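Given next are the chains, with one letter for each unit.
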Amino acid sequence: MRDLGAGFGYLVKGQRWVTGHGRSLGVGLLPGLVTLVLYAAALTGLAYGADDFVGWATPFADDWSSPWLSLFRGFLTALVFVFGLFLAVITFTAVTLLVGQPFYEKLSEDVDRAESGGEAPESGLPLWRELWISARDSVRVLTRVVLYGIVLFALGFLPVVGQTVVPAIGFCVSGFFLTEELTAVALQRRGVELADRLALLRTRRMLVLGFGVPLTLAFLVPFVAVFLMPGAVAGATLMVRDLLEETAPEPEPQPWPEPATGGPTG
């Protein structure tokens, strides 16, 4: 239970860090705002085009009598939009991190330098290579999330358990993988591969959940996600330093001043 509080503490520390570094906060907000505009445009287009898509996909219902035709296609239209909204929620963080890779790399490096006295690990890879690795790993993580989602969706039909325990497990799964996406910014610079990142996070599950679950709940609101993302990256970097036991260097002891020699002459 202590790790749960520590994980939430890193989330708070990250928000405080970017608040105290206004330039980093401003730079970190740009990718989220760009992604939000893109997602808003896509969802608006889906809202206007979902009924046409459903009509095209269900030609067998053209001859149905009213009100069954409108009820059937209205239900499918709503289902298509809800599914699109669900995809938007679970992919928003990954896409934002991909769009903002250079910005969040810089933010994470700034946190490392501030905590280590000026040193920050660097991957040494070109930008295109880092983007490719980030996109590849995001797809792998998203595949895992979808598989877990299918299992949890099926378990959701169980009476009582499906409406209480299963949603709680779903938030824990989402929080774990959200933390993986955010810590990947710092761990990828350190050359840690996806499998090793997952193994590292599993060693401190409660710490990871204390960080990721509250953030998952907050990220359900897209506008909140935009403003919390810079602090989330900063907090995830601080957490990585803890997981890897990286500590700030001890200040060098200052030599004692030489005692004054001689005295007043008579």
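A quick note: this is a predicted structure, and the numbers were derived from the prediction, not measured.

A.B. asks: So what's going on with empty space enclosed by the protein? Which residues, and what values?
C.D. replies: The gaps of empty space that remain are located by a probe, the size of a water molecule, rolled over the atoms. Counting across every chain of the model gives 1 cavity of 30 Å³ or more. Approximately 100 Å³ is the volume attributed to the largest cavity. Listed by contribution, the elements that provide at least two residues to the lining of the largest cavity are α5 (127-155) and α6 (161-189). Considering each element in turn, the lining of the largest cavity owes the most residues, 5 residues, to α6. Classifying every residue of the lining of the largest cavity gives 4 nonpolar, 4 polar and 4 charged.

A.B. asks: Give a detailed account of the nonpolar core, specifying residues and quantitative values.
C.D. replies: Buried together is how nonpolar side chains tend to be arranged in soluble globular proteins. Ranked by internal contacts, the top residues of the largest apolar core, which has 49 residues, are L182, F211, L215 and V233. The dominant element in this core, judged by the number of residues it contributes, is helix α9 (residues 222-243), at 11 residues. With residues near it in sequence (within four places) discarded, L182 still touches T93, L97, F211, L215, M229, A232, V233 and A236.

A.B. asks: Go over the packing of α6 against helix α7 (residues 194-202) with me, naming the residues and quoting the values.
C.D. replies: Interhelical geometry of α6 versus α7 gives an angle of 120° and a closest axis separation of 10 Å. With respect to α7, the element α6 is oriented oblique. Two packed elements cross with a definite hand, and for α6 against α7 that hand is right-handed. Residues F176, F177, T179, E180, T183, A184 and L187 of α6 lie in contact with α7, whose contacting residues are L194, R197, L198, L200, L201 and R202. By residue class, the composition of the contact of α6 with α7 is 8 nonpolar, 2 polar and 3 charged.

Conventions and cut-offs
- Counting restarts for each chain, with residues numbered from 1 along the sequence as it is written.
- In keeping with the model being predicted, local features are shown solely for residues with a pLDDT of at least 70 and side-chain atom pairs are shown and tallied solely at 80 or more, while totals for entire chains, interfaces and linings include all residues.
- Only hydrogens and water are set aside; all other atoms, that is, all heavy atoms of the structure, feed into the side-chain values.
- Only protein atoms enter the 1 Å grid used here. Points where a 1.4 Å probe fits but cannot escape make up a cavity, open sets with protein on both sides within 12 Å along at least five of seven lines make up a pocket, and a residue lines them when an atom lies within 4 Å of a point.
- Grid points are joined across faces, edges and corners, and a volume is the space filled by probe spheres set on the points.
- Only DSSP runs of H or I covering at least 4 residues are called helices, and only runs of E covering at least 2 are called strands; the numbering of each starts at the N terminus.
- Gly falls in the polar group here, along with every residue not listed as nonpolar (Ala, Val, Leu, Ile, Met, Phe, Trp, Tyr, Cys, Pro) or charged (Asp, Glu, Lys, Arg).
- Residues belong to one nonpolar core when they are buried, are Ala, Val, Leu, Ile, Met, Phe, Trp, Tyr or Cys, and are joined through side-chain atoms within 4.5 Å.
- For each residue, the accessible area found with a 1.4 Å probe, counting protein chains only, is set against the maximum for its type, and the residue is called buried under 20%, exposed over 50%, and partly exposed in between.
- Whether two residues are in contact is decided by their heavy atoms, any of which lying within 4.5 Å being enough.
- Axis lines are fitted to C-alpha atoms, over the contacting stretch for helices. Their N-to-C directions set the angle, which ranges from 0 to 180 degrees.
- When describing relative orientation, an angle under 35 degrees is termed roughly parallel and one over 145 degrees roughly antiparallel, while 65 to 115 degrees is termed roughly perpendicular and anything else oblique.
- Each crossing is labelled by how the near helix is turned from the far one, with a counterclockwise turn of less than a right angle marking it left-handed and a clockwise turn marking it right-handed.

Worth remembering: the numbers are spatial, not functional.
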